[in-house]
Amino acid sequence: MTKDVAILSFAFNENCQRLGCIINNVGLVFMEAVDDFKTEKIISRSSGEKLYYLPLFKEWITTDQNTVYFWDWKEEKVHNQISETEGHLITTVCEIPHLRALAVAMVMNDD
């Protein structure tokens, strides 16, 4: 990697001891504790600015301004996505274990 590399977002799967990162100009990068966090998998992609791991659903997801992307980590592709109408910006995502639900916080974009 070059010196212009920046980690834009990261998440950690405690069960598998796997670290996922979104790295500019690279894509999704995954590393595991079992091998001292050496790069295990790189998924080049153009979608997603923030990365989350959802332990309740055992899912890696990325979000951009108005879409949530659900990743098939082994197949290295998006297997589902949820898009909101234009004018809403995703701010964060979290699980609600008691309800077995995913909450997506959004704000109105007044552009």
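That block above? That's the structure.
All values derive from a computational prediction rather than experimental measurement.

Trainee: In this structure, what is going on with the sheet that holds strand β7 (residues 67–72)? I would like to understand it.
Mentor: The strands making up a sheet associate through backbone hydrogen bonding, with each pair oriented either parallel or antiparallel. Spatial ordering of the open sheet is given by β5-β6-β7-β8, a layout of four strands whose pairing is antiparallel. At either end of the open sheet lies a strand with only one pairing partner, and these are β5 (50–54) and β8 (77–83). Direction aside, the axes of adjacent strands within the sheet are offset by 25° on average. Relative to β8, β7 is paired through six bridges, and the arrangement is antiparallel. The residue bridging Y69 from the neighbouring strand is Q81, located in β8.

Trainee: Where do I start with the nonpolar core in this structure?
Mentor: Nonpolar side chains in soluble globular proteins tend to end up buried together. One finds A11, I22, L28, F30, I43, L51, Y53, W60, Y69, W71 and W73 forming the largest nonpolar core, which totals eleven residues. Listing elements by their share of this core, those giving two or more residues are β3 (27–32), β5 and β7. Ignoring sequence-local partners within four residues, the contact set of I43 consists of V26, G27, L28, F30, W71, W73 and E76. If you look at the next biggest cluster of nonpolar residues, it comprises seven residues, including Y52, L54, I61 and V93.

Conventions adopted
- Residues numbered from 1 in each chain as written.
- Predicted model: local features only at pLDDT ≥ 70, side-chain atom pairs only at ≥ 80, totals over all residues.
- Heavy atoms only, no water.
- Pairing = 2+ DSSP bridges.
- Helix = DSSP H or I, 4+ residues; strand = E, 2+ residues; numbered from the N terminus.
- Axes fitted to C-alpha atoms, helices over the stretch in contact; angles between N-to-C directions.
- Core = buried A, V, L, I, M, F, W, Y, C linked by side-chain atoms within 4.5 Å.
- Buried < 20%, exposed > 50% of the residue type's maximum accessible area, 1.4 Å probe, protein only.
- Contact = heavy atoms within 4.5 Å.

Read these as layout, nothing more, since geometry by itself doesn't imply function.
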